[in-house]
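# Analysis of the macromolecular model
Next come the chains, spelled out residue by residue.
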Amino acid sequence: MVMTRNGLVTGLALGVSMFVVATMGGCPSPEQPAVVPDAGPTDGNGPGADDAGTPRITCTPARSNERIPLRHAATREAVTETFDNLRARVDAQCGSCHKAPEIRGGFQYTSDLASLRATAPAMARMATQGAMPPLPSSEQLKQAVALGQALSSWLAQGTPEGSFEVREEGSSDGGVDVARGVGEAMTDLGHCIPESAPLGGDPEKDVWFARATALPRFLSETDTDIVTFDAEKLARRGTVAFAPTYPLFSDHAKKLRQVHVPAGTSIRYDAKTKHFDIPPNTRFYKTFFKPVKDARGQVGYRKIETRLIVVRQPWRDSLFGTYIWNEDETVAELHDLRYRDGSSFSDRVIVYRTDEATGATRNYAIPGRHRCVDCHTGSEGQNFVLGFTPLQLNRRPGGEGGVDAEADVLEDELSQVDRLISYGVLTGIRSSADLPRLETYGSKRPRNTQELELQGYFIANCAQCHNPNGFAVLSNPAIASLDFSAGGSLFQFPTTLKESNGLRSYVNLGVTDFAADLRGPTPSSTLFQRVARDTDERIIHMPANVPGQDCRAPLLVARWLASLDWPRDSGLSTAQKEANRQERLRHAELAVKETCQDPPDVRWVSEDFTDKVPYEPRNTHWESSIGVPPFDYLKRYPITQAHEALAHQRIPTNFWTPKPGCRFDANAPPPESIEPWMKDTLGNPKQPWGELYSTTPGAAVFQGICANCHGRAGDGQSGAAKTLVALNGARVANLAKGLFGTSSTGTANLAMFERVLGEHGGARYMTWMAAGGTTVTFTPEFMQAWIKYGEVDIDFSPRETDWGKWGANMLGAARGACDLVRVGKFGTGSSEPPSGNPSAIGGATLWKKICTLDNPLTPEIEAGTDSAAVSEWLQHAQFNAGVMAYFYLRDELSKGRIYPLRGECDKR
């Protein structure tokens, strides 16, 4: 019998069942929770009418170093606009690209009343997302958001031809003011700390959330008293605050995090896995605050947004969303700005005042649903929750466990685990002493303090993506070696490790002038470059999905690099090595101080990788381009049953990478054809035959080439996609729901191509786009950096100049692979012609089948004596590769089946 919050496990299920039955008749529907407390203001003092029967809880002032005194709300004066002036603003910001006769990106308007009425919803959405203009400066972003707000207000008020009031979206009458005493004493643990006693409950809301399929419109509907921020009232309802040991950077915002565990349940610590088991329908709240200077020059913090996660299993069923506070901070409404395809909720930018006296403003970026999924996919407990883990809850004093030595961590912060145990929120542990510590997590130990501090930063800011289940690794398994979770790869990080294309080092300890290298535009250690420099064609700035610039990230990486053992110090005495180390540390701090500054405002590049509904091809000129030089071959080459059969044929290319949890057939017979790469020098199989890995040409082409941009799920989610949109605003297609999706009537989107181009017309269109039909410009430098083989048995030259020869586009990689097949150098690691992936030798058979299908490899083509014939052969070969990817997308990926890579034996 195990003690849990408000009761015992024995009899719990029956008790809950009886409660549900007893309340079913009067229970609210999932569309509306029982209580909507923001119908009118309250002073936040004393128990209300709904407090009957809840326990009285003593709340003592919070002893936390993170103070968040709330501002005294101020309301912006009413702003009046006229239609004529609105039209002039639209023309000024949008006309050069979209006013007839201009039609950039397939969008056009005229500035008459009827046209603006029709096009204003799309304009308002794109402007509010920060998507228009493309790649805006911070000032352009503000102007765009203001225009979006004006357009939304005009639409909401019936599109008048005269004047109208510009209203902030989400503002409404009524609401709740935070009591002055609560606001002035606010910290990251709330304004006070509830006594160590069992908490109360919020049974009506618990029952409602157990049945809910979507979040309610207002934050006040999610948890009784949540909008009062009164820690004593919230504790009576079972909601308490916590703060992580290693905080996430969010443009210097302050944060209040709260958890509500449904009554009768608890969050249990599993000592074997070192994870928390979080019960279904546990609610996690995180409110973001930004500083505002009032007319008297005093700084208080404004509530900007509150994010909510309702835990479900599997984690993909979790409910989550963002509530945006109106300017007078009385109402928080669910953010539901839509993506291009109509799904919710997209990127959004709001502009808030930082100085009430001067009117100065700053941009604030709210990440869209896809970014939430990107980050939370890799949650440690696979529960969609970040920041509530054993390591994060186990607060440490400054200087311990990788915590900043200058941090002043006070009593209530250090005692939060023991407090949560006493509340009944946590079970399975006796005290914080039972929880793991970062410096002893896993089998490896940190080299020094700098490595431990960097790991602490990575826990909160990088590990959610860089772990075996994280977005970065799932979208590009080639970087699986960068596991930045606790117990991952950072402790004792191998300093010789190179990027997956083998071109650059994550850590370079051979530079002549360390300080100059740190200050340079492209530092030689790419781990430093990724956190210290903006996105370029080779890297995406890290951490991803985060606005603003955190100068602590490059400082910690630079100090870590400085602290390592540099080869040139070998042979020196211990004292000399330490003196050199201290000198490098000094240079690291100076270099980062000189090159990293917090920007005066936020620049945000919106991401929307969805496709329009109904579907529209990206390049609308496809009908007039396919079959016409230089793309005449796209109609000339046949697509036969042989193509379809080959695309799905399983061909051995390597051996599985064994790992715990994977079992193989110990009695498996040898394959029908034993190739030399399968055997060692004695003629024995390199691994048991049961570990032989096979893939299909369709999967190999897609995962070796297309997935690098379009994502392994074909949804446009990848690091390369984020890089492209940050560089030139290019949007990578969501192939799974776009080209290979269906209309609202169930008609396949491929049908439009088949009507014009015949059977498999979609393959010809897709091959055209991948061979140069796209309007996106790919440079050889981008292709070299992002088209990586990783765990896919594909080979091509790592030499940048070869991409110009093959064509800097997606199928240029297939052309390069077939060029190596042509001369017999595929997978050999040869230097001429350059071969980049010697371990891909087993893929030579598969790629030869692709390249030579209906495309014979003659001795003249092998020898290259007829350049025209070679060119024609390579062109046909890359066409075959595109068709392979088409069949994989059509028959497997669009149906949710992702072919496992050889490092994913657990997904067989």
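For the structure, see preceding data.
Along each chain, numbering runs from 1 in the same order as the chain's sequence is written. For this predicted model, a pLDDT threshold of at least 70 governs which residues receive local features, and a threshold of 80 or more governs which side-chain atom pairs are given and counted, while totals over whole chains, interfaces and linings are taken from all residues. Only heavy atoms go into the side-chain values, all of them from the structure, while hydrogens and water stay out.

## Some thoughts on the overall build of the protein chain
A count of helical and extended segments in the protein chain gives 30 helices and 19 strands. C-alpha atoms define the radius of gyration, and 2.2 Å times the number of residues to the power 0.38 defines the globule rule. In terms of C-alpha radius of gyration, the protein chain reaches 30 Å, essentially the compact-globule figure of 29 Å for 908 residues. Principal-axis analysis of the C-alpha atoms places the extent of the protein chain at approximately 90 × 75 × 60 Å. Each residue is assigned to one of three classes by its accessible area relative to the maximum for its type, calculated with a 1.4 Å probe on protein chains only: buried under 20%, partly exposed between the two thresholds, exposed over 50%. A burial count over the protein chain gives 56% of its 908 residues as buried. By the convention used here, residues are in contact when the closest approach between their heavy atoms is within 4.5 Å. Sequence-distant contacts, at least 24 apart, represent 69% of the contacts inside the protein chain between residues at least 6 apart. Note on conventions: DSSP H or I runs of at least 4 residues are helices, E runs of at least 2 residues are strands, and numbering of each starts at the N terminus.

## Examining unusual backbone geometry
A negative phi angle is the norm for most residues apart from glycine, just as the trans form is the norm for most peptide bonds. For the peptide bond that leads from Ala100 to Pro101, omega is 15 degrees, which places it in the cis range. Along the chain, the position of Pro101 falls in the loop between α2 (83-98) and α3 (113-129). Residue Pro833 is bonded to the preceding Glu832 through a cis peptide linkage, with omega at -5 degrees. Tracing the backbone through its elements, the reader meets Pro833 in the loop between α27 (812-822) and α28 (844-852).

## A short note on the environment of Asp565
Tracing the backbone through its elements, the reader meets Asp565 in the loop between α16 (552-563) and α17 (574-595). Judged by relative accessible area, which is 71%, Asp565 ranks as exposed. In the structure, Asp565 is positioned 56 residues away from Leu509 in sequence and 8.3 Å away in space, judged by C-alpha atoms.

## A look at the environment of Arg71
Here Arg71 lies in the loop between β3 (59-61) and β4 (79-82). Setting aside residues up to four positions removed in sequence, Arg71 forms contacts with Val292, Gly300, Tyr301, Arg302, Glu327, Glu329 and Glu356. Polar contacts involving the side chain of Arg71 include one to the main-chain carbonyl oxygen of Glu327, which spans 2.4 Å. Here a polar contact means two N or O atoms within 3.5 Å. Within protein one must be a hydrogen donor candidate and the other an acceptor candidate, and residues neighboring in sequence count only if both atoms are side-chain atoms.

## Let's talk about helix α24 (residues 761-773)
By definition here, a helix of n residues has an expected span of 1.5 Å times n minus one. Taking 1.5 Å per residue as the helical rise, α24 with its 13 residues ought to reach 18 Å, whereas the 15 Å between its terminal C-alpha atoms falls clearly short. The element α24 is largely enclosed, with a buried count of 12 among its 13 residues. Among the residues of α24, those classed as buried are Gly761, Gly762, Ala763, Arg764, Tyr765, Met766, Thr767, Trp768, Met769, Ala770, Ala771 and Gly773. Buried residues along α24 sit against α18 (622-625), α19 (633-636), α23 (751-757) and α30 (867-891).

## Focus on the environment of Asn619
Assignment of secondary structure puts Asn619 in the loop between α17 and α18. Separated by 279 residues in sequence, Asn619 and Ile898 have C-alpha atoms that sit 27 Å apart. Not counting residues within four places of it along the chain, the set of residues in contact with Asn619 comprises Tyr765, Trp768, Met769, Gly773 and Thr775.

## A word on the packing of aromatic side chains
Each aromatic ring pair is described using two quantities: the centre-to-centre distance and the angle formed by the ring planes. When two rings of Phe, Tyr or Trp (its six-membered ring) have centres within 6.5 Å they constitute a pair, described as stacked for plane angles under 30 degrees, edge-to-face for angles over 60, and tilted for the intermediate range. Applying the stated criterion across every chain, the model contains 33 aromatic pairs. Seen in terms of ring centroids, Phe242 and Phe284 are 6.2 Å apart; in terms of plane orientation they differ by 90 degrees. Their pairing is edge-to-face. One end of the pair, Phe242, is in strand β7 (residues 239-242); the other, Phe284, is in strand β11 (residues 283-293), with 42 residues separating them in the sequence. Judged by relative accessible area, which is 7%, Phe284 ranks as buried. Their ring planes at 90 degrees and their centres at 4.9 Å tell us that Phe242 and Phe388 sit as a pair that is edge-to-face.

## Some words on the state of the cysteines
For the purposes of this analysis, a disulfide is any pair of cysteine sulfur atoms at a distance within 2.5 Å. For the structure shown, the criterion picks out four disulfides. Put simply, Cys59 and Cys192 are joined by a disulfide, and their sulfur atoms are 2.0 Å apart. Taking the torsion about the sulfur-sulfur bond, which here is approximately 90 degrees, the covalent link between Cys59 and Cys192 counts as right-handed. On the criterion of sequence distance, the pair formed by Cys59 in strand β3 and Cys192 in strand β6 (residues 192-194) is long-range, its members being 133 residues apart. Residue Cys818 pairs covalently with Cys851 via a disulfide, S to S 2.0 Å. Between Cys818 and Cys851 the disulfide shows an S-S torsion of about -80 degrees. By sign, it is left-handed. You can see Cys818 sitting in helix α27 and its partner Cys851 sitting in helix α28, a full 33 residues away along the chain. Take Cys818 and Cys851: they sit in the same class, and that class is buried. Here the cysteine-cysteine linkages of the protein chain are recorded as 1-2, 3-4, 5-8, 6-7, numbering only bonded cysteines and doing so in sequence order. Cysteine Cys462 remains unbridged, with the sulfur of Cys465 as its closest cysteine sulfur at 8.6 Å.

## Structural notes on the sheet that holds strand β8 (residues 254-260)
Two strands qualify as a pair provided DSSP detects at least 2 bridges between them. Ordered by their spatial adjacency, six strands build an open sheet running β7-β8-β11-β12-β13-β14, and the pairing between neighbours is antiparallel. Each edge of the open sheet is held by one strand with a lone partner, namely β7 and β14 (332-334). Shown here is a sheet whose adjacent strand axes are inclined to one another by a mean of 30 degrees, direction ignored. Where strand β12 (residues 299-310) lies against strand β13 (residues 319-325), six bridges are found, and the strand directions are antiparallel. Along β13, the bridge assignment pairs Thr306 with Tyr323. For helices, the fitted axis covers only the stretch in contact; all axes are lines through C-alpha atoms, and the angles between them, taken along N-to-C directions, range from 0 to 180 degrees.

## A short note on the nonpolar core
Think of a nonpolar core as a cluster: buried Ala, Val, Leu, Ile, Met, Phe, Trp, Tyr and Cys residues, connected wherever their side-chain atoms sit within 4.5 Å. In this structure, Val507, Trp560, Phe702, Leu739, Tyr765 and Trp847 are the most contacted members of the largest nonpolar core, which totals 129 residues. For this core, the element with the highest residue contribution is α30, accounting for 13 residues. Beyond its immediate stretch of four places on either side in the chain, Val507 contacts Phe493, Thr495, Ser525, Leu527, Trp560, Leu561 and Leu564. Formed by 34 residues, the second largest nonpolar core is a distinct cluster that contains Leu189, Leu199, Phe320 and Phe345.

## Section: the sheet that holds strand β10 (residues 275-277)
Taken in spatial order, the three strands of this open sheet run β10-β9-β17, and their pairing is mixed. Pairing within the sheet leaves two strands with one partner each, and these edge strands are β10 and β17 (426-427). With two bridges connecting them, strand β9 (residues 267-270) and β17 associate as parallel partners. Bridge pairing in β17 places Arg268 opposite Thr427.

## Points about the pairing of β8
For β8, the tally of buried residues reaches seven of seven residues, placing the bulk of the element in the interior. Where burial is concerned, the two faces of β8 agree: the one with Lys254, Leu256, Gln258 and His260 and the one with Lys255, Arg257 and Val259 are both buried. Relative to β8, β7 is paired through four bridges, and the arrangement is antiparallel. Note that in β8 the partner of Ala241 across the bridge is Gln258. With seven bridges connecting them, β8 and β11 associate as antiparallel partners. Looking at the pairing, Leu256 lines up with Thr287 of β11.

## Topic: the pattern of salt bridges
For this analysis, a salt bridge means a side-chain nitrogen from Lys or Arg found within 4 Å of a carboxyl oxygen belonging to Asp or Glu. Evaluation of the coordinates by the stated rule reveals 57 salt bridges. Residue Glu327 pairs with Arg353 through a salt bridge whose shortest N-O separation is 3.2 Å. Here the residue Glu327 occupies a position in the loop between β13 and β14, and Arg353 occupies one in strand β15 (residues 348-353), the gap between them amounting to 26 residues. Notably, a salt bridge pairs Asp802 with Lys805, separated by 3.8 Å at the nearest N-O pair. Here Asp802 pairs with Lys805, and both are found in helix α26 (residues 800-806), just three residues apart, close to one helical turn. Since its relative accessible area comes to 53%, Lys805 is described here as exposed. Through salt bridges that share partners, Arg71, Lys303, Glu327, Glu329, Arg353 and Glu356 make up one connected network.

## Thoughts on the side chain of Asp569
Here Asp569 lies in the loop between α16 and α17. For Asp569, the side chain forms a polar contact with the side chain of Arg584, separated by 2.9 Å. Ignoring sequence-local partners within four residues, the contact set of Asp569 consists of Lys577, Asn580 and Arg584.

## Concerning the packing of α3 against helix α4 (residues 138-156)
Angle between the axes and distance between the axes are the two parameters that describe a pair of packed helices. Running from amino to carboxyl end, α3 crosses α4 at an angle of 135 degrees, the nearest separation of the two axes being 8 Å. With respect to their mutual orientation, α3 and α4 come out oblique. Remark: the crossing between α3 and α4 carries left-handed chirality. Each of Leu113, Leu116, Arg117, Ala120, Pro121, Met123, Ala124, Ala127 and Thr128 in α3 lies in contact with α4, whose residues at this interface are Ala144, Val145, Gly148, Leu151, Ser152, Trp154 and Leu155. Taken together, the residues that form the contact of α3 with α4 break down as 12 nonpolar, three polar and one charged. Throughout this description, any angle smaller than 35 degrees is read as roughly parallel, any larger than 145 degrees as roughly antiparallel, any in the 65 to 115 degree range as roughly perpendicular, and the remainder as oblique. Handedness of a helix crossing follows the sense of rotation of the near helix relative to the far helix, less than a right angle counterclockwise being left-handed and clockwise being right-handed. Nonpolar residues are Ala, Val, Leu, Ile, Met, Phe, Trp, Tyr, Cys and Pro. Charged residues are Asp, Glu, Lys and Arg, and all others, Gly as well, are polar.

## Description of helix α12 (residues 449-461)
Between its terminal C-alpha atoms α12 stretches 19 Å, which fits the 18 Å expected from 13 residues at 1.5 Å a residue. Where α12 is buried, its residues contact α9 (390-393), α16 and α17. Sitting at the amino-terminal end of α12 is Asn448, which places a side-chain oxygen 3.1 Å from the backbone nitrogen of Gln450.

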